[in-house]
Amino acid sequence: MEEIRVAREQLSASFLDAYLRFQKLNEELNHSAGTIVWKGPKKQYPYWQFYDHGKQIQKYIHKSGLEAVRQLIEKRKAQFRKRSILRGFISDMKRALRAIRVNWQEVIAKYEEAQKRRETEAAARAAAKKVAESKRYADQYKHLTDKGDYVAVKR
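The residue numbers shown here count from 1 along each chain, following its written sequence. Only residues with pLDDT of at least 70 get local features here, since the model is predicted, and only at 80 or more are side-chain atom pairs given and counted; chain-wide, interface and lining totals rely on the full set of residues. Side-chain figures throughout are based on the complete set of non-hydrogen atoms in the structure, without hydrogens or water.

Q: Give me the lowdown on the overall build of the protein, citing residues and values where you can.
A: Segments assigned H or I by DSSP are reported as helices when at least four residues long, segments assigned E as strands when at least two residues long, and all are numbered from the N terminus. Looking only at helices and strands, the protein has three helices and five strands in total. Ordered by position from N to C terminus, the α and β elements of the protein give α-β-β-β-α-α-β-β. It is over C-alpha atoms that the radius of gyration is taken, and the globule rule equals 2.2 Å times the number of residues to the power 0.38. Over its C-alpha trace the protein gives a radius of gyration of 25 Å, far above what one expects of a compact globule, namely 15 Å for 155 residues. Referenced to the eigenvectors of the C-alpha coordinate spread, the extents of the protein come out at roughly 80 × 55 × 25 Å. In this scheme, a residue with accessible area under 20% of its type's maximum is buried, one over 50% is exposed, and one in between is partly exposed, where area comes from a 1.4 Å probe on protein chains only. Within the protein, buried positions represent 23% of all 155 residues. Surface summary for the protein: the accessible area is close to 11,900 Å², and the carbon and sulfur share equals 52%. All accessible-area figures derive from a Shrake-Rupley calculation using a 1.4 Å probe, and residue coverage is judged against the displayed protein chains alone.

Q: Can you explain the pairing of strand β1 (residues 35-39)? Please cite residues and give values.
A: Here the rule is simple: two strands pair whenever DSSP picks up at least two bridges between them. Here five bridges tie β1 to strand β2 (residues 45-52), and the two strands are oriented antiparallel to one another. The residue of β2 that forms the bridge with I36 is W48. Linking β1 to β2, which pair antiparallel, is a turn of five residues; within it G40 sits at a positive phi near 145°.

Q: Can you explain helix α1 (residues 2-28)? Please cite residues and give values.
A: The span one expects for a helix is its residue count, reduced by one, times 1.5 Å. End to end, α1 covers 39 Å across 27 residues, agreeing with the expected 39 Å (1.5 Å per residue, within 8%). Every buried residue of α1 is listed here: S12, F15, L16, A18, Y19, F22 and L25.

Q: Give a detailed account of the nonpolar core, specifying residues and quantitative values.
A: The tendency in soluble globular proteins is for nonpolar side chains to be buried as a group. Only buried Ala, Val, Leu, Ile, Met, Phe, Trp, Tyr and Cys residues count toward a nonpolar core, and they belong to the same one when joined by side-chain atoms within 4.5 Å. The biggest cluster of nonpolar side chains holds 13 residues, and the ones touching the most others in it are F15, Y19, L86, I90 and V107. Only α1, α2 (66-99) and α3 (104-134) provide two or more residues apiece to this core. Element by element, the count of residues in this core is highest for α1, at six residues. Aside from chain neighbours lying at most four places away, what touches V107 is S12, F15, L16 and V102. Listed in part, the eight residues of the second largest apolar core include A33, W48, I61 and L66. Contacts: residue pairs with any heavy atoms within 4.5 Å of one another.

Q: Describe α2, naming the residues involved and giving the relevant values.
A: Owing to its 3.6 residues per turn, the α-helix brings residues three or four apart onto one side. In this model, α2 (34 residues) spans 50 Å end to end at C-alpha, consistent with the 50 Å of a helix rising 1.5 Å per residue. Buried residues of α2: L66, V69, I73, R76, Q79, R83, L86, I90, M93 and L97, and no others. A positive backbone phi angle near 60° is found at R101, which sits one or two residues after α2.

Q: Can you lay out the environment of E9 for me, pointing to particular residues and giving the numbers?
A: With respect to the helices and strands, the residue E9 is situated in helix α1. It is 9.7 Å that separates the C-alpha atoms of E9 and V102, two residues lying 93 residues apart in sequence.

Q: Outline the sheet that holds β2, supporting the account with residue identities and numerical values.
A: In a beta sheet, neighbouring strands pair by backbone hydrogen bonds and run either parallel or antiparallel. Read from one edge to the other, the open sheet built from three strands follows the order β1-β2-β3, with strand pairing classed as antiparallel. Here the strands that pair on one side only, and so sit at the sheet edges, are β1 and β3 (55-60). Between one strand axis and the next, the sheet turns by 35° as a mean value, whatever way the strands run. Where α2 meets the sheet, its contacts fall on β1 and β2, and the angle it forms with β1 comes to roughly 140°. Note on geometry: axes are C-alpha line fits, over the in-contact stretch for helices, and angles between N-to-C directions span 0 to 180 degrees.

Q: Could you give an account of the side chain of R83, naming the residues involved and the relevant values?
A: Along the chain, R83 falls in helix α2. His is not counted here, nor are the chain ends, while Lys and Arg score as positive and Asp and Glu score as negative. Every case where a carboxyl oxygen of Asp or Glu lies within 4 Å of a side-chain nitrogen of Lys or Arg is listed as a salt bridge. One buried charged residue, R83, forms no salt bridge at all, with the nearest opposite charge on E28 at 10.0 Å. By the criterion applied in these results, polar contacts are pairs of N or O atoms within 3.5 Å in which, for protein atoms, one can donate a hydrogen and the other can accept it, and in which residues neighboring in sequence qualify only through two side-chain atoms. Polar contacts involving the side chain of R83 include one to the side chain of N26, which spans 2.8 Å. When sequence neighbours within four positions are dropped, the list of residues in contact with R83 reads F22, L25, N26 and L29.

Okay, here's the thing in structure tokens:
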């Protein structure tokens, strides 16, 4: 029974890690990688062509920045491949979690709840620190109590 609990925790942690990495990549990849196209009637000029929310965008590239844009395109293509691999891994993890009777939405909900709790605790600590800094001899108030107040002496 203990092995099953440990397996559930490990699978949940692996799934959550992959899910968070996937979400971060999704936020970074706001448009396609694109390509470099050459345009012009006589002299050819380089443009970076990509799609953003279904709209085709072309940006002129100065020849001195051409290699940097090529590297950026390759980096974005690698990120798209990584995102695709993560998507497959996440779907496999969802199947595995379902097999051991763990709801993947609950795993995400528990993480988000814990994240909100950490944020509110950090906000409370910041507020307590601000109150302590407004007091006389503020540099002496450096110890945080269990209740969340800053005090000068720890006993």
